Amino acid sequence: MTARGAVVHWARDAADANRVIVDVARTHAVDEVVKVKSMVTQEIDLNGALADAGIAAWETDLAELIVQLGDDLPSHILVPAIHRNRAEIREIFLRRMHEVGRPAPTELTDEPVVLAAAAREHLREKFLRARMAVSGANFAVADTGTLVVVESEGNGRMCLTLPEVLVSVVGIEKVVPTFAELDSLLRLLPRSSTGERMNPYTSMWTGVTPGDGPQEVHVVLLDNGRTRALADEVGRQALRCIRCSACLNVCPVYERVGGHAYGSVYPGPIGAILNPLLKGTGDPQTDSLPYASSLCGACFEVCPVRIDIPEVLVHLRTQVVDARRDDSVPKPEAVAMRAAGYAFGNARRLRWAERVSGLAGRALTRFGRSRLPGGRAAAGRLPGPGAAWTGARDLPAPPRESFRAWWRRTKGGRVDE
Ligand code: SF4
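Each chain carries its own residue numbering, running from 1 in the direction its sequence is written. Per-residue local features are limited, in this predicted model, to residues with pLDDT of at least 70; the limit for side-chain atom pairs, both in listing and counting, is 80 or more; totals at the level of whole chains, interfaces and linings are taken over all residues. As a convention, hydrogens and water are excluded, and side-chain values are obtained from all of the structure's heavy atoms.

By the naming in an unreviewed UniProt entry, the chain is Lactate utilization protein, taken from Solicola gregarius.

Novice: For this particular structure, what's the right way to read the packing of aromatic side chains?
Specialist: Centres within 6.5 Å make a pair out of two Phe, Tyr or Trp rings, where for Trp the six-membered ring is used; the pair is then stacked when the planes are under 30 degrees apart, edge-to-face when over 60, and tilted otherwise. Within this structure, the stated rule accounts for four aromatic pairs. Residues Phe403 and Trp407 carry aromatic rings whose centres are separated by 5.7 Å and whose planes lie at 45° to one another, so their mutual orientation is tilted. Separated by four residues within a single helix, Phe403 and Trp407 lie in helix 19 (residues 403–410), roughly one turn from each other. Using a relative accessible area of 56% as the deciding quantity, one classes Phe403 as exposed. One aromatic cluster is present, formed by Phe403, Trp406 and Trp407 through successive ring pairs. The secondary structure listing takes helices from DSSP runs of H or I that are at least 4 residues long and strands from runs of E that are at least 2 residues long, numbered from the N terminus. Burial classification: accessible surface area is computed with a 1.4 Å probe over protein chains only, and a residue below 20% of its type maximum counts as buried, one above 50% as exposed, and the rest as partly exposed.

Novice: Could you clarify how one ought to interpret the site of the ligand in this entry?
Specialist: Put simply, a residue is near a molecule or strand once any heavy atom of it comes within 4 Å of that molecule or strand. Taken together, 13 residues sit near the ligand, with Cys241, Cys244, Ser245, Cys247 and Cys303 positioned nearest. Of the residues assigned to the shell around the ligand, the class counts are 11 nonpolar, one polar and one charged. Think of it as three bins: nonpolar holds Ala, Val, Leu, Ile, Met, Phe, Trp, Tyr, Cys and Pro, charged holds Asp, Glu, Lys and Arg, and polar takes everything else, Gly as well.

Novice: Sorry, what's going on with the layout of surface pockets here?
Specialist: If you roll a probe as big as a water molecule over the atoms, it shows you where there is empty space left. Throughout, the protein atoms alone are placed on a 1 Å grid, and a set of points is a cavity if a 1.4 Å probe fits but cannot get out or a pocket if it is open with protein on both sides within 12 Å along at least five of seven lines; lining residues have an atom within 4 Å of a point. Grid points are joined across faces, edges and corners, and a volume is the space filled by probe spheres set on the points. If you add up the space inside the largest pocket, you get close to 1,300 Å³. In terms of lining residues, the largest pocket is bounded by 32 residues, among which Tyr291, Lys331, Pro332, Glu333 and Ala334 are the most central. The element best represented in the lining of the largest pocket is helix 16 (residues 332–344), accounting for seven residues. When its volume is computed, the second largest pocket comes out at roughly 900 Å³. Taken together, 46 residues line the second largest pocket, and the ones lying closest to its centre are Lys37, Asp61, Ile77, Leu78 and Pro80. Where the lining of the second largest pocket is concerned, the elements lending two or more residues are helix 2 (39–43), helix 4 (62–69), helix 5 (86–100), helix 6 (112–129), strand 6 (146–151), strand 7 (165–171) and helix 8 (179–193). Taken together, the residues of the lining of the second largest pocket sort by class into 26 nonpolar, eight polar and 12 charged.

Novice: Honestly, the UniProt feature "domain: LUD" (unreviewed entry) in the chain in this entry has me stumped. Any pointers?
Specialist: Under the local residue numbering, the UniProt record ascribes the feature "domain: LUD" (unreviewed entry) to residues 1–222. Structurally, residues 1–222 comprises 40% helix and 22% strand, and the distance from its first C-alpha atom to its last is 15 Å. UniProt positions are given in the numbering used here, feature names are shortened, and annotations may be inferred rather than shown by experiment.

Novice: Help me understand the nonpolar core, please; the structure alone is not making it clear to me.
Specialist: Generally speaking, nonpolar side chains in soluble globular proteins are found buried as a group. Take the buried Ala, Val, Leu, Ile, Met, Phe, Trp, Tyr and Cys residues and link them wherever side-chain atoms come within 4.5 Å; each set so joined is a nonpolar core. By size, the foremost hydrophobic cluster in this structure holds 40 residues, and its most contacted members are Phe139, Ile270 and Ile273. Among the elements of the structure, strand 5 (139–141), strand 6, helix 8, helix 10 (246–250), helix 11 (252–257), helix 12 (268–279) and helix 15 (309–323) are those that each provide at least two residues to this core. With six residues, helix 12 is the largest single contributor of residues to this core. By definition in these notes, contact holds between two residues if any of their heavy atoms fall within 4.5 Å. When neighbours within four sequence positions are excluded, Ile273 is seen to be in contact with Ala238, Ile307, Ile309, Val312, Leu313 and Leu316. Grouped together as the second largest cluster of nonpolar side chains are 36 residues, Met97, Leu123, Phe127 and Leu166 included.

Structure representation (C-alpha cells):
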C-alpha cells in the first residue's frame, strides 16, 4: 500500500482510529465527510468522534442514510433499515432532510422509486461538495495493496472517486493474501448475502493514481480486539466472517428479537460471538450474547466460510460461567442451577420437589388471576430477582401432577385418565 502511495496507520483501538481520521480531516480543514461501507466506523463510533470535532459525517448508503436521519441504529448487517416501512421512511425524509441539506420534495410519496429518487438528489449534492470521504472495505489484498468495496447502489463509487482525500478504515481480519483468494470470496459473498451471482458494484483502489481519484489515501488498519479474538483458539474462526448476513436470516432468535436487541453493531449469530470475542468477557451486555441462541445449528449450515457458530457459542458460555465461578455473590441463574442440581441428584429430593411444584400449580390454578391464552394459569409479577423475568414474560403455572405421578397413575397411559 505504501509503495502505491497510500499512508498506512495502525490503530490499536477505536480511539486511535478516530484520532487518525479527525487529524486528517483537520489537516485539510474539512467540516464534512461522506461515508460508505461504514459498519467498522459504527464499531468505533466515528460519527460521534467527528461530531465532537465539529465535522459532519454523511452516510451515503440508502439504508444507512435512513438510519442516520431517523437517529436510529442499524438492525441488520446487509439491510440496516429493514425495521422501517415505507411510510416511516417518507416521514423521516420529510422531517429531517431539510435540516441537513437538500429537502425532500413536498409531493414525496411512499413509493420506493420516489423515495430512492429523493435520497439520490439529497446525496448528490453532498457527493459533489465533499472534499473528503471515509470508507470501510470488504477485503484488502496483501500482494497488491488493493482495497475492495462491494455494494449495490453506486454510492461507493461516488465516495471513492470524487473527493480529494480518502480514508479507509479496515479491520485487520479483512486481509486476504492474494488476488486469487479474492476471486473466490467475491463470488461467495453475493451468493450468500442476496442470492445474486454477482453484486452490482465492485470498486477496487490501490493507493494514489496521479490525476485520477483521491490524491491522498490513508488506510487505517484496525485491531480493536481482533488480536484478542485471534488468540482464542476456538473463537478465532469468527474472524473468517465475510459479513454476508446469511446466518441472521435463518436464525430463529434473530427473527423474533430483531437486531437492536443485541445492543451491538454486529447482530444475529455472528454478533453473538464476535462482540464477546472482540471485547472479552466481563461486561454484562456482551456476556449475555452467547445465550441468545437456541443452538439449533442453522447458522453453521448456511455459513459460506464454515464458522461453527454453535461451537463458539458454547465455548463462550463456558468462559462467561468460569469468569464468575468465584464471585462472592452468585448470580440468580447460578443459584437456580445449583438448586436444580441438588434436587435432581437424589430421587427422594426430586419427588419432594415435584410435590411442592404440584401444590404451587394447584394453588395458582385455583387462586391465581393471571391466565395465558387457552386458559392455563400463570404466575403474576414475582418479587425480588424473579421480577426481572416476570416483568416481560409470562411464567406458566407448573403442572398439578408430575410426569412420574401421571405415569404411575395411568400405568404409562394404558389406563384411561
Ligand atoms: S458468520 Fe458466516 S453466515 Fe454469518 S455473516 Fe459471517 S460469513 Fe455470513
